[in-house]
Amino acid sequence: MRFLRFAMLFAMTVWLLSPARAEVADTPVFPVTLHHAFGTTVIETKPQRVATVAWANHEVPLALGIVPVGMARANFGDDDKDGILPWVKARLDALGGSPPVLFDEGDGIDFEAVAATRPDVILAAYSGISQADYDTLSQIAPVIAYPQAPWSTDWRETIRLNSAGLGMAREGEALINDIDSDIASTLVGHPELKDKSVMFITHLSPSDLSIIHFYTTNDTRVKFFGDLGLAAPKSVRQASQPGKYSGSISAEQIDAFDDVDILVTYGDDALFDTLKSNPLTRHMPAVANGAVVMLGNDPVGNAANPTPLSIRWVLKDYVARLGKAAKSQE
């Protein structure tokens, strides 16, 4: 049984592990009860050792002054290949102390590695963990899972859930307010974005544009457009199935998305040239008008999926790119 391996690993590694590097504030709010897609999690006492799995959950404790004992290694947008994104590195440097253990999740959650960090709580409010993943992680420590559907927890709810699990709900709300304030001040200079419709297409292959894959209104990238004054077009809303963060459509039906003003996708100039020359995609108004934002495997492309620390790191750059695309419609 895999969990027996965890126990053995605990015994072998306890003496190697340093004490917890940060503690949650002493607000007497425990026990904390949180409801999520897999049921209910009760955290009896203030967590001293915080581990996180999946994307971006580690940014909540870091933003609140807590260095996790372990977190997922970055596998997209990591320019220097050290497994830590630049805004995370900046925060770790500011907080000091030893860096967290990095969990390699290329083949799924590394349960043994998580167990070896001896966490008191595991944060996974934004994730795609399965029931089996949740059950296994729960044998290690209480788990904060997503409230409804995988990969659909927006950045505000991610902060609220994870901060509540740390006993720092008040600090979490203050963080949300600070980010909202930065977004609002940035948008003052970009009135061209207001009410423009936008669609986020997933990674495309220039060699095969027969199927168009896109993020639905359930996805956090698309939800973030609303924060920026942009709107999901009726076509995308109608094509978004409950509980699904992505969808697809045959390129032969691409006319269904004629109400899209701005197109955002991952790729380079070569892909944009292919979209413009393809007999089907070239008829999309956004492509015909050049209202396309091409994102790369870099920090800005990474941060299009908004997270507590990345938003302010790339906000001006990302909004400027969207604004340039919006102006091509005028």
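Parameters and conventions
Residues numbered from 1 in each chain as written. Predicted model: local features only at pLDDT ≥ 70, side-chain atom pairs only at ≥ 80, totals over all residues. Heavy atoms only, no water. Helix = DSSP H or I, 4+ residues; strand = E, 2+ residues; numbered from the N terminus. Contact = heavy atoms within 4.5 Å. Lys, Arg positive; Asp, Glu negative; His and termini not counted. Charge placed at Lys NZ, Arg CZ, Asp CG, Glu CD. Salt bridge = Lys/Arg side-chain N within 4 Å of Asp/Glu carboxyl O. Buried < 20%, exposed > 50% of the residue type's maximum accessible area, 1.4 Å probe, protein only. Polar contact = N/O pair within 3.5 Å; in protein donor to acceptor, adjacent residues only side chain to side chain. Pairing = 2+ DSSP bridges. Axes fitted to C-alpha atoms, helices over the stretch in contact; angles between N-to-C directions. pLDDT = per-residue confidence, 0-100. Core = buried A, V, L, I, M, F, W, Y, C linked by side-chain atoms within 4.5 Å. Parallel < 35°, antiparallel > 145°, perpendicular 65-115°, else oblique. Left-handed = near helix turned anticlockwise from the far one by under 90°.

Regarding the overall build of the protein chain
Next up, step 1: Counting its secondary structure elements, the protein chain contains 13 helices and twelve strands.
Next up, step 2: C-alpha extents for the protein chain along the principal axes are approximately 65 × 45 × 35 Å.
Next up, step 3: Nonlocal contacts in the protein chain, meaning residues at least 24 apart in sequence, comprise 71% of its contacts between residues at least 6 apart.
Next up, step 4: Averaging the positions of the 27 positive and the 40 negative side-chain charges in the protein chain gives two centres separated by 2 Å.

What about the pattern of salt bridges?
Next up, step 1: Taken as a whole and judged by the stated rule, the model has seven salt bridges.
Next up, step 2: Between Asp-227 and Arg-156 there is a salt bridge, and its shortest N-O distance comes to 3.0 Å. Of this pair, Asp-227 sits in helix α8 (residues 220-227) while Arg-156 sits in helix α6 (residues 155-165); the two residues are 71 residues apart in sequence, bridging distant segments of the chain. For the pair shown, Asp-227 and Arg-156 are each scored as buried.
Next up, step 3: Glu-173 is paired through a salt bridge with Arg-160; the nearest N and O atoms lie 2.5 Å apart. With a gap of 13 residues between them, Glu-173 in helix α7 (residues 169-187) and Arg-160 in helix α6 connect regions that are remote in the sequence.
Next up, step 4: For Glu-173, a relative accessible area of 31% translates into the label partly exposed.

A look at α6
Next up, step 1: Burial runs high along α6: nine of the eleven residues are buried.
Next up, step 2: Within the sequence span of α6, burial applies to Trp-155, Arg-156, Thr-158, Ile-159, Leu-161, Asn-162, Ser-163, Ala-164 and Gly-165.
Next up, step 3: Sitting at the amino-terminal end of α6 is Asp-154, which places a side-chain oxygen 3.1 Å from the backbone nitrogen of Arg-156.
Next up, step 4: Gly-167 sits one or two positions beyond α6 and adopts a positive phi of about 75°.

Here we look at the pairing of strand β1 (residues 32-36)
Successive residues of a regular strand alternate their side chains across the two faces of the sheet.
Next up, step 1: Only one face of β1 is buried: it carries Val-32, Leu-34 and His-36, and the other face, with Thr-33 and His-35, is open.
Next up, step 2: Turn length for the β1-strand β2 (residues 39-43) hairpin, with the two strands adjacent in sequence and antiparallel, is two residues.

Considerations on the sheet that holds strand β11 (residues 262-266)
Next up, step 1: One open sheet accounts for three strands, arranged β8-β11-β12; its pairing is parallel. Edge positions in the sheet fall to β8 (198-200) and β12 (292-295), since each of these pairs with one other strand and no more. For this sheet, the mean angle separating the axes of adjacent strands, direction not counted, is 15°.
Next up, step 2: Here three bridges tie β8 to β11, and the two strands are oriented parallel to one another. Bridged to Phe-200 within β11 is Val-264.
Next up, step 3: Its contacts with the sheet put α8 on β8 and β11, and the angle it makes with β8 is roughly 155°.

What about the confidence of the model for the protein chain?
If pLDDT is low for a region, its predicted coordinates should not be looked at in detail.
Next up, step 1: Summary statistics for the protein chain give a mean pLDDT of 88 and a share of 90% for residues scoring 70 or more.
Next up, step 2: Predicted confidence for residues 1-28 stays below pLDDT 50, and this span has 51 contacts to residues more than four positions away or in other chains.

Overview of the environment of Leu-62
Next up, step 1: Position of Leu-62 among the secondary structure elements: in helix α2 (residues 59-63).
Next up, step 2: Leave out the neighbours within four places in its chain, and Leu-62 touches Val-67, Pro-68, Val-88, Arg-91, Leu-92, Leu-95 and Leu-309.

Points about the nonpolar core
Next up, step 1: Core analysis: the largest hydrophobic core is formed by 82 residues, its most contacted members being Phe-200, Val-264, Tyr-318 and Leu-322.
Next up, step 2: The leading source of residues in this core is helix α13 (residues 310-327), at eight residues.
Next up, step 3: Non-local contacts of Leu-322, meaning those with residues more than four positions away in its chain, are made with Leu-193, Phe-225, Leu-228, Leu-230, Ile-262, Val-264 and Val-293.
Next up, step 4: Formed by 20 residues, the second largest nonpolar core is a distinct cluster that contains Ala-51, Val-69, Ile-140 and Ala-141.

Looking at the packing of α6 against α7
A pair of packed helices can be characterised by two numbers: the angle between their axes and the separation between those axes.
Next up, step 1: Where α6 meets α7, the closest approach of the two axes is 8 Å, and the angle between their N-to-C directions is 160°. Overall, the two elements α6 and α7 adopt an arrangement that is roughly antiparallel. Between α6 and α7 lies a crossing of right-handed hand. Where α6 approaches α7, its residues Trp-155, Arg-156, Ile-159, Arg-160, Ser-163 and Ala-164 are matched on the opposing element by Ala-169, Gly-172, Glu-173, Leu-175, Ile-176, Ile-179, Asp-180 and Ile-183.

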